[in-house]
Structure formats: C-alpha cells, structure tokens
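# Coordinate inspection notes
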Amino acid sequence: MRIDSYIEKLLFDYNCVVIPGFGAFLAHGKSAEIDLATNTLVPPSKTISFNAQLSKNDGLLVSHISKEKNFGYEDILQEVEHIAQDWNHRLAQGESIELFGIGKLWHNSEQRIQFQPEEKINFLTSSFGLSTFAATPIQREVIKEEVEELEERIPFIITPEKREQTSFRPWLKYAAVILLAVSLGVTSYRTYGDLQQKEVAAQQDAQQEVSRLIQEATFFESAPLELPAINIKVTKKQLGKHHIIAGAFREEQNADKKVNQLKEKGYNAFYLGMNKYGLHQVAYDSFEDPKEALVFLRKVKAEDSRDAWMLSEK
C-alpha cells in the first residue's frame, strides 16, 4: 500500500501529519514574495518540512486511511508501521524515497534523514489558481534628456536670408490660430442650431405620444378587460462561492462551445461570465463548501483536464 497520496490530502487541511515510527511532515505558511534574481512574483503558499523526532502516533493518518479504505484501525496501524520500518531500512541501505506530490527523502553522511520538498504543489487552499509570473521591470525613457543635451552641444548658425524667413513665420502662426478659431465658431453655431431643431421636434413627438396614451387610457377606463393571470415559474441556478474553472476564452462563442462539450460529458457546466481581463470563463461546477470543491477539482484533474483550477469568491 502506498500512503503518500493520503499524506498529500491531509497536508491540505492539517499542518502536521505523523507517520508512526518514522517521522512527521510539517506545513508552514509562507507569505507572497518577489524573487529579485528572476523578477518573479511568488503567491502565498505552504512550505513542507520533515522532522524525524515526531514519530509518535497521533491517530490522524491511521484514522484517515481506515475511513477511506473501510478497514479496521488496528489493521491499518500495523500496515503503516510496517511501511515505516521498510522506509527506515531502505534509507539505511543508502536508497532514496520519493513520495509523489510531497518530496524526496535520503540519508546524509551523518545518517540523518534529509528532505527535499516538491515545489510544484501549493498546499495553501486559499492560493488555488494563483501561480508565479514574471514581472518585467519598467524601462524609463530618457529620450527627452538626450535631446536637450544634443541641443546644448550643436551650435545653430542663422544667415541673414534665414532671419528674414524666421521673422515672417510668427505671422503665419497667428493667421493659423485666427483661422482655426473662426472655423470652430461657425461649426459650433451650426451645431447649436441643429440641436435646437431636434429639441423642438422631440417635444412635438412627446406631446403626440402623451395625447395617444390619454386616449388609450380613456378607452380602457370605459371598457375594462379582464385578462387571465399567468403564473411563470423561474428556476435560477444557485451558484456557490467556489467555482472549478475549465477555461477562459477571448471569444464568447468558444466559451458556449466549451459549455456544450462539458455538458455532453455529464458535468453541470455553465458560463460564469467575463473576468477583469475581458476573458469569458467556463466552469465545470460550483460549490458552497471549499472542501467539496477541492475533492471535485482533484477528480477533474485526474479524469478530464490537469489545467482545471478553482476560483473562490470573497
């Protein structure tokens, strides 16, 4: 029996998982940080360590396996202790033990257990869906400063002929400004006249509509009609706070296509809406309980897509 999968599941909910007769895996919270060497932002996570001194059975692992396999507690305890003895023997022989999703164990030169955790899995449930990403440093442009330095270095020589031309240029600027002002004034006057005409037409249409409504109201008041009552039942899907995301698409028709594909597979898929990046999100299902959402996420990763992730709303 392999017990590494049971240890991995317990590390999502507990900070200490003891293997009787062998040691304990400890989970420590770690805040988000920026790696200045690679310019990457690392989200909050749980780091896993190993302590060989904590080897006394606390009942957590054995009870969990007993419940999952529906076997007796004493039988599972004997099997776990046998696995611990086998691990100790293999480490003493110089072998290394790799636990899937947890890390690697081996003996150092002093015959002490060393542990290298698995970096691909984040055991902090509140950080599901978050991954490391590169933050590109902003390069400030210094073109303006370079131009100013260039102007100070290069002398400008103006001949008499060019001076005559430059003395005429200010008049051209003033003439262009006056022409622009006149054009704007004429355009504004025409626009104002058009708006007044449209406003008068709108008022006339509104008066005609009011008169028509008054006539209809008078007709119905003199000859009331009894309309049959219509009962309409509207069922609205109650969404939970934790959504298992299947993908995000730039085109809405691709999102609708994905929903139909997942429904054909038997999932309660639905269109979640557009996120802040303008992408249309599709979800396998939603849950109110985060633990149920995590169980469903692992099932989807194993059966349909390893790219699925969980989106939790506050």
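None of the values given here were measured: they were computed from a predicted structure. (Residues numbered from 1 in each chain as written. Predicted model: local features only at pLDDT ≥ 70, side-chain atom pairs only at ≥ 80, totals over all residues. Heavy atoms only, no water.)

## Structural notes on the pairing of strand β7 (residues 103-107)
- Where strand β6 (residues 97-99) lies against β7, three bridges are found, and the strand directions are antiparallel. In the strand pairing of β7, Glu98 is matched with Lys104.
- Linking two consecutive strands that pair antiparallel, namely β6 and β7, is a turn of three residues; a positive phi of about 80° is found at Gly101 within it. (Pairing = 2+ DSSP bridges. Helix = DSSP H or I, 4+ residues; strand = E, 2+ residues; numbered from the N terminus.)

## Some words on the sheet that holds β6
- Reading across the sheet, the three strands line up as β6-β7-β8 and stay open at both edges, with antiparallel pairing between neighbours. Either end of the sheet is taken by a strand with one partner, and the two such strands are β6 and β8 (113-117). Shown here is a sheet whose adjacent strand axes are inclined to one another by a mean of 20°, direction ignored. (Axes fitted to C-alpha atoms, helices over the stretch in contact; angles between N-to-C directions.)

## Some thoughts on helix α3 (residues 73-92)
- Compared with the 28 Å implied by 1.5 Å per residue over 20 residues, the 29 Å span of α3 between its first and last C-alpha is a close match.
- The inward-facing, buried residues of α3 contact β1 (16-19), α2 (60-69), β6, β7 and β8. (Expected span 1.5 Å × (residues − 1). Contact = heavy atoms within 4.5 Å.)

## Here's the deal with the packing of aromatic side chains
- With the rule as written, the count across this model stands at seven aromatic pairs.
- An angle of 50° between the planes, with centres 5.4 Å apart, marks the rings of Phe22 and Phe50 as tilted. Here Phe22, found in the loop between β1 and β2 (23-30), pairs with Phe50, found in strand β5 (residues 45-51); they are 28 residues apart in sequence, far enough to count as distant.
- Phe50 gets classed as buried once you look at its relative accessible area, which sits at 15%.
- Geometrically, the ring pair formed by Phe25 and Phe115 is edge-to-face, given 5.4 Å between the ring centres and 65° between the ring planes. Of this pair, Phe25 sits in strand β2 while Phe115 sits in strand β8, and the two are 90 residues apart along the sequence.
- Owing to a relative accessible area of 0%, Phe25 belongs among the buried residues under this scheme.
- For Phe115, a relative accessible area of 16% gives the class buried.
- An aromatic cluster of three or more residues is present, and its members are Phe22, Phe25, Phe50, Trp87 and Phe115.
- One Lys or Arg, Arg298, reaches over the ring of Phe12 and ends 4.7 Å from the middle of that ring. (Phe/Tyr/Trp six-rings, centres within 6.5 Å; stacked < 30°, edge-to-face > 60°. Buried < 20%, exposed > 50% of the residue type's maximum accessible area, 1.4 Å probe, protein only. Lys NZ or Arg CZ within 6 Å of the ring centre and 35° of its normal.)

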